Amino acid sequence: MAYVWSKDLETGNAMIDSQHKELIEAINALLAACATGKGRAEVAKTTKFLYDYTSKHFGDEEALQLRYKYPDYANHKQYHEGFKRVVRELAEQLNKEGPTVVLVGKVNSSIAGWLINHIKREDVKVAAHVRAQGGK
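Residues numbered from 1 in each chain as written. Predicted model: local features only at pLDDT ≥ 70, side-chain atom pairs only at ≥ 80, totals over all residues. Heavy atoms only, no water.

As recorded by an unreviewed UniProt entry, the protein chain carries the name Hemerythrin HHE cation binding domain protein and is attributed to Anaerotruncus colihominis DSM 17241. If you open the UniProt record of the protein chain and go to Sequence similarities (unreviewed entry), you find "Belongs to the hemerythrin family." (UniProt positions renumbered as here; feature names shortened; annotations may be inferred.)

Let us look at the nonpolar core. Most often, soluble globular proteins have nonpolar side chains that are buried together. Tyr3, Ile27, Leu30, Leu50, Leu94 and Ile111 are the most contacted members of the largest nonpolar core, which totals 25 residues. For this core, the secondary structure elements donating two or more residues are helix H1 (14–35), helix H2 (40–67), helix H3 (73–97) and helix H4 (101–132). Sort the elements by how many residues they give to this core and H1 lands first, with 8 residues. Every residue in contact with Leu94, bar those within four places of it in the chain, is listed here: Leu30, Cys34, Arg40, Val43, Thr47, Pro99, Leu103 and Val107. Counting 6 residues, the second largest nonpolar core, distinct from the first, contains Ile16, Leu64, Val126 and Val130. (Core = buried A, V, L, I, M, F, W, Y, C linked by side-chain atoms within 4.5 Å. Buried < 20%, exposed > 50% of the residue type's maximum accessible area, 1.4 Å probe, protein only. Helix = DSSP H or I, 4+ residues; strand = E, 2+ residues; numbered from the N terminus. Contact = heavy atoms within 4.5 Å.)

On to the packing of aromatic side chains. One pass over the structure, following the stated rule, counts 4 aromatic pairs. Note on Phe49 and Tyr53: the rings are 5.7 Å apart at their centroids and 25° apart in plane angle, and the pair reads as stacked. Separated by 4 residues within a single helix, Phe49 and Tyr53 lie in helix H2, roughly one turn from each other. Looking at Phe49, the relative accessible area reads 42%, which means it is partly exposed. Taking 6.3 Å as the distance between ring centres and 70° as the angle between the ring planes, the aromatic pair formed by Phe58 and Trp114 counts as edge-to-face. Residue Phe58 is located in helix H2, and its partner Trp114 is located in helix H4; the two are separated by 56 residues in the primary sequence. Accessibility expressed as a relative area gives 1% for Phe58, which makes it buried. (Phe/Tyr/Trp six-rings, centres within 6.5 Å; stacked < 30°, edge-to-face > 60°.)

In this section: the pattern of salt bridges. Taken as a whole and assessed by the stated rule, the structure comprises 8 salt bridges. Between Asp52 and Lys48 there is a salt bridge; the shortest N-O distance is 2.6 Å. Remark: Lys48 and Asp52 occur in helix H2; sequence separation between them is 4 residues, near one turn of the helix. A salt bridge links Lys77 to Glu81, with the shortest nitrogen-to-oxygen separation between them at 3.5 Å. With Lys77 and Glu81 both in helix H3, this residue pair falls 4 residues apart, about one helical turn. On the basis of relative accessible area, Glu81 is assigned to the partly exposed category, the value being 26%. Taken together, the shared-partner salt bridges connect Glu62, Lys77, Glu81 and Lys84 into one network. (Salt bridge = Lys/Arg side-chain N within 4 Å of Asp/Glu carboxyl O.)

Below is the structure:
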């Protein structure tokens, strides 16, 4: 199942939205690699990109939160740390077992589902706070 960027995922912050689009593309690439029977090396490469890009995005987003004194920064950072841990664990499992049906399901629920929910529930609050503080 490929994920499509839609208006309901927009936060209104250009940097955050641009990076979210990249993350969704990375998730789609990982799902496609698994679905088309790509080798472990390709799946591992795609998973590594997803982890690295997630880390970069979260770092950028957290810096924005600190700059604009986002009041729920500590909790938001914990969500990010938990997500990075899940991505790392799934990457290790994919590397060991290959892209099994169970693991593809986990990618869908634990990574894609989490990200979509996080954008809609948490990141929109961050973007609104940044705008209220005069940021873009």
